[in-house]
Amino acid sequence: MEETTCTCCHKTKERSQEEYKSLQNRLNRIEGQVRGIRNMLEKDAYCPDILVQVAAAGAALNSFSKELLASHIRTCVANDIRSGKDETIDELVATIQKLMR
């Protein structure tokens, strides 16, 4: 789980196959939920029924974010702090603030 910096200054993250597969599965389910919402709209479904599905998709996205954030803290943030890169804490705080908007 190394974080590397490219010459273009964008960070990347190598993920284990297990982590990648778990995140990919979550995204596939979310994508299916969004397609289902579109189908409901096309079939003139009742508004509250669509809203319930939108809430479920939002909750699924939040779960995806929580899983990704936990992994980020356990790997990237912990490794950077151990290496003396304290600026990573500021980056983490800014990320959490954006997530809580």
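Residues numbered from 1 in each chain as written. Predicted model: local features only at pLDDT ≥ 70, side-chain atom pairs only at ≥ 80, totals over all residues. Heavy atoms only, no water.

Going by the annotation in an unreviewed UniProt entry, the name recorded for the chain is DNA-binding transcriptional regulator, FrmR family, with Enterocloster lavalensis given as the source organism.

Caption draft 1: View of the pattern of salt bridges. What the rule picks out here adds up to five salt bridges. A salt bridge links Lys 11 to Glu 91, with the shortest nitrogen-to-oxygen separation between them at 3.5 Å. Taken as a pair, Lys 11 in strand β2 (residues 11-13) and Glu 91 in helix α3 (residues 87-99) lie far apart in primary sequence, 80 residues in all. Owing to a relative accessible area of 45%, Lys 11 belongs among the partly exposed residues under this scheme. Looking at Glu 91, the relative accessible area reads 32%, which means it is partly exposed. (Salt bridge = Lys/Arg side-chain N within 4 Å of Asp/Glu carboxyl O. Helix = DSSP H or I, 4+ residues; strand = E, 2+ residues; numbered from the N terminus. Buried < 20%, exposed > 50% of the residue type's maximum accessible area, 1.4 Å probe, protein only.)

Caption draft 2: The arrangement of the UniProt feature "coiled-coil region" (unreviewed entry) in the chain in detail. Here, UniProt's "coiled-coil region" (unreviewed entry) annotation points to residues 13-40. Summarising residues 13-40: 86% helix, 4% strand, and an end-to-end C-alpha distance of 37 Å. (UniProt positions renumbered as here; feature names shortened; annotations may be inferred.)

Caption draft 3: The packing of helix α2 (residues 47-82) against α3, seen in detail. Between α2 and α3, the shortest axis-to-axis distance is 10 Å and the interhelical angle comes to 160°. Comparing the axis directions of α2 and α3 gives the class roughly antiparallel. Note that α2 runs across α3; the crossing there is right-handed. Of the residues in α3, those in contact with Leu 69, His 72, Ile 73, Val 77, Asp 80 and Ile 81 of α2 are Thr 88, Ile 89, Glu 91, Leu 92, Ile 96 and Leu 99. (Axes fitted to C-alpha atoms, helices over the stretch in contact; angles between N-to-C directions. Parallel < 35°, antiparallel > 145°, perpendicular 65-115°, else oblique. Left-handed = near helix turned anticlockwise from the far one by under 90°. Contact = heavy atoms within 4.5 Å.)

Caption draft 4: Representation of unusual backbone geometry. Here the phi dihedral of Asp 44 falls at roughly 60°; this positive angle occurs in a residue that is not glycine. As for its position among the elements, Asp 44 is in the loop between α1 (17-42) and α2. In this structure Asp 44 comes out as exposed when scored by relative accessible area, which is 70%.

Caption draft 5: Representation of α1. Along its 26 residues, α1 runs 37 Å from first to last C-alpha, staying within 8% of the 38 Å computed at 1.5 Å per residue. Immediately downstream of α1, the backbone of Asp 44 shows phi near 60°, a positive value. (Expected span 1.5 Å × (residues − 1).)

Caption draft 6: Summary view of the packing of α1 against α2. In the contact formed by α1 and α2, the axes pass within 10 Å of each other and the chain directions differ by 165°. With respect to α2, the element α1 is oriented roughly antiparallel. You can see that α1 and α2 cross each other, and the crossing is left-handed. Residue composition of the contact of α1 with α2, by class: 14 nonpolar, five polar and four charged. (Nonpolar A, V, L, I, M, F, W, Y, C, P; charged D, E, K, R; others polar.)

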